[in-house]
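Commentary on secondary and tertiary structure
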Amino acid sequence: AETDPEEDWIGGHSIVYHTPNVVQTIQGVMFDNFGQEGVLGRYPIHFHMSGATSSLVSKNVIVNSNQRCVFIHNTDGVTIDDNVAFDTKGHCYATETGNERNNVFTNNLGAYTQLLTRSNGQSDSPSDTMHGKGAATFWIRNMENTFVGNVAAGSVKE
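In short, a report on the structure. Here the structure is a predicted model, which means the values were calculated and not measured. (Residues numbered from 1 in each chain as written. Predicted model: local features only at pLDDT ≥ 70, side-chain atom pairs only at ≥ 80, totals over all residues. Heavy atoms only, no water.)

Some remarks on the overall build of the protein
The criterion, for reference: Numbering of helices and strands starts at the N terminus; helices are DSSP runs of H or I of at least 4 residues and strands are runs of E of at least 2. Atoms counted for the radius of gyration: C-alpha only. Globule rule: 2.2 Å times the number of residues to the power 0.38. Exposed residues in this analysis have more than 50% of their type's maximum accessible area, buried residues have under 20%, and partly exposed residues fall in between, with area computed by a 1.4 Å probe over protein chains only. The criterion used for residue contact is that any of the two residues' heavy atoms lie within 4.5 Å. The Shrake-Rupley method, run with a 1.4 Å probe, gives the accessible areas here. Residue values count only the displayed protein chains as cover. Under the convention used here, Asp and Glu are negative, Lys and Arg are positive, and both His and the chain ends fall outside the count. Charge positions are represented by NZ for Lys, CZ for Arg, CG for Asp and CD for Glu.
The helix and strand inventory of the protein stands at 0 helices and 15 strands. Scaling as 2.2 N^0.38, a compact globule of 158 residues should have a C-alpha radius of gyration of about 15 Å, and the protein matches this with 14 Å. Summarising its shape, the C-alpha atoms of the protein cover approximately 40 × 35 × 25 Å along the three principal directions. When each of the 158 residues of the protein is scored for burial, the buried share is 45%. A sequence separation of at least 24 residues applies to 69% of the contacts in the protein between residues at least 6 apart. A total of about 7400 Å² of accessible surface is found on the protein, and carbon and sulfur atoms cover 51% of it. If the 9 positive side-chain charges of the protein are averaged to one point and the 17 negative ones to another, these points end up 6 Å apart.

What follows is the structure in structure tokens.
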């Protein structure tokens, strides 16, 4: 798709929505210019309230993300493995509320994670003074998930 210079912060988004006990596989996909900066829930890969699942997000590339990378929201049992994210804005790989459990993040790379410039009302918003107005490559809300062999490189801090 061509970029509209007046709305270059709007890209595509994907969401796995309310699919408990349904196995989803997202593998070998390049997400370029996905995410909608400042619009809550509009991320390149977003599992939204899908309950318990044995889904797989693996061997994907996320580049030029306008907002976040792989977000797990009230979903359990997803494996996020061997993905690369580069030149992204806001938290990159994350669990959203702290209610997510038994998700496995392994061997993922996040590089050049930048700050958001538009508010999404969340902890990575530029207006969030409570959390330091930052963007974390790995935003961990609940330690009942597994993080092994992941790498964060070259993130930007205000």
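So that's the structure; there's more coming.
Describing a nonpolar patch on the surface
Stated precisely, the cut-off is as follows: Residues forming no salt bridge and having over 30% relative accessible area are the ones grouped into patches, like charges within 9 Å of each other and nonpolar side chains (Val, Leu, Ile, Met, Phe, Trp, Tyr) within 5 Å. Definition used for salt bridges: Asp or Glu carboxyl oxygen within 4 Å of a side-chain nitrogen of Lys or Arg.
Residues Met30, Val61, Val84, Leu109 and Val151 make up a contiguous nonpolar surface patch of roughly 370 Å² in combined accessible area. Considering the arrangement of structural elements, one finds Met30 in strand β3 (residues 30–32).

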